[in-house]
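Now for the letters of each chain:
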Amino acid sequence: MKKQILLGGFEKKQISFLKKRFKQAKFHLLDQKNTDFQSVNAFIAISNFSFDKFYNNFRLSNFPNLNWLHVARAGIDKYFRDKLKFNDIKITNLKKIQGPQVADHAIALLLTLTRNINVIQKFGIDVSFKKRPIELKNKKILIVGYGGVGQSLAKRLIGFEVDLSTLNDKK
C-alpha cells in the first residue's frame, strides 16, 4: 500500500519531481478538496505559511494514521508545548540545516551594529562617530535557546573570544 503524503506550500515543479522520484508514495495537496485525511501518513510543509495553515485549520484527530510531520523552520517549540497531542507522531524540522545560515546572518548583524557599519551605510564614509566601534573580545554574550541555531551561533562566536553563556528556553 502506498504511503499517503500531504504536501503544503509546494510548487507544481516540485510536486512533479516528487511524484517521479517517489513512486511508492501518493502525494496530496493541502488545498486539494478531495483529500482523504483518514489515509494520510505524513504532512510535509515547505514553508512556514503552509505549516501554520495546517496547524491552525486542521485537528490532528482528522488524521488518525499521521505518523510524521515535517516543519520548515527551526523554532517549533511554540507548536508542540502540549506533547500529549503528538505522542506517536515523529516531528522533524530544519534546525540543523538552517542553523549555519541563521548564525552567519546573526554574526553579520552583530558586526554591523558593533562596528558602526549601519551608520556608514546610512551617512557615508566621511561620517564622524561619537563613539568608537565595540570590540567583541571579552564581552558577555547570552544565547537564548540552544538548538541548531544557538549551537551554530556559539561556534562562530568562540572565534571572537567572547564570554559565552546560553539559556535553554525549554519549559
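Residues numbered from 1 in each chain as written. Predicted model: local features only at pLDDT ≥ 70, side-chain atom pairs only at ≥ 80, totals over all residues. Heavy atoms only, no water.

Draft legend 1. Region of interest: the overall build of the chain. Counting secondary structure elements, the chain contains five helices and seven strands. A globule of 171 residues ought to have a C-alpha radius of gyration of about 16 Å, yet the chain, at 22 Å, is considerably larger. Dimensions along the principal axes, computed over C-alpha positions, put the chain at roughly 65 × 35 × 25 Å. Counting the 171 residues in the chain, one finds 31% classified as buried. Sequence-distant contacts, at least 24 apart, represent 49% of the contacts inside the chain between residues at least 6 apart. A total of about 12100 Å² of accessible surface is found on the chain, and carbon and sulfur atoms cover 54% of it. In the chain, 32 side chains carry a positive charge and 13 a negative one; their mean positions are 5 Å apart. (Helix = DSSP H or I, 4+ residues; strand = E, 2+ residues; numbered from the N terminus. Rg over C-alpha atoms; globule rule 2.2 N^0.38 Å. Buried < 20%, exposed > 50% of the residue type's maximum accessible area, 1.4 Å probe, protein only. Contact = heavy atoms within 4.5 Å. Areas by Shrake-Rupley, 256 points an atom, 1.4 Å probe, with all protein chains shown as cover. Lys, Arg positive; Asp, Glu negative; His and termini not counted. Charge placed at Lys NZ, Arg CZ, Asp CG, Glu CD.)

Draft legend 2. Region of interest: helix α2 (residues 48–57). All buried positions along α2 are accounted for by S50, F51 and F54. Projected down its long axis, α2 shows its buried positions confined to an angular sector of 100°, all on one face. When the buried face of α2 is taken as reference, the exposed residues oriented beyond 90 degrees from it are F49, N56 and N57. In this structure, the buried side of α2 is in contact with β1 (3–8), β3 (42–45) and β4 (68–70). (Arc of directions from axis to C-beta.)

Draft legend 3. View of the sheet that holds strand β5 (residues 90–92). Read from one edge of the open sheet, five strands run β2-β1-β3-β4-β5, paired in parallel fashion. Each having just a single partner strand, β2 (25–29) and β5 make up the two edges of the open sheet. Averaged over neighbouring strand pairs, the angle between their axes works out to 20° when direction is ignored. (Pairing = 2+ DSSP bridges. Axes fitted to C-alpha atoms, helices over the stretch in contact; angles between N-to-C directions.)

Draft legend 4. Up close: the packing of helix α3 (residues 95–114) against helix α5 (residues 148–158). Across the interface, α3 lies against α5 with an axial gap of 7 Å and an inter-helix angle of 45°. If you check the angle between α3 and α5, you find them oblique. Crossing angle aside, the handedness with which α3 passes α5 is right-handed. Between α3 and α5, the contacting residues are K95, K96, G99, P100, V102, A103, D104, A106, I107 and L110 on the first element and G148, V149, Q151, S152, L153, R156 and L157 on the second. Across the contact of α3 with α5, the residue classes tally to nine nonpolar, four polar and four charged. (Parallel < 35°, antiparallel > 145°, perpendicular 65-115°, else oblique. Left-handed = near helix turned anticlockwise from the far one by under 90°. Nonpolar A, V, L, I, M, F, W, Y, C, P; charged D, E, K, R; others polar.)

Draft legend 5. Representation of the nonpolar core. The biggest cluster of nonpolar side chains holds 14 residues, and the ones touching the most others in it are L6, F43, F51, F54, F63, L66 and L69. Of all the elements in the fold, those that place two or more residues in this core are β3 and α2. Not counting the four nearest positions on each side in its chain, L6 is found in contact with H28, L29, L30, T35, V40, A42, F43, I44, F54 and F63. (Core = buried A, V, L, I, M, F, W, Y, C linked by side-chain atoms within 4.5 Å.)

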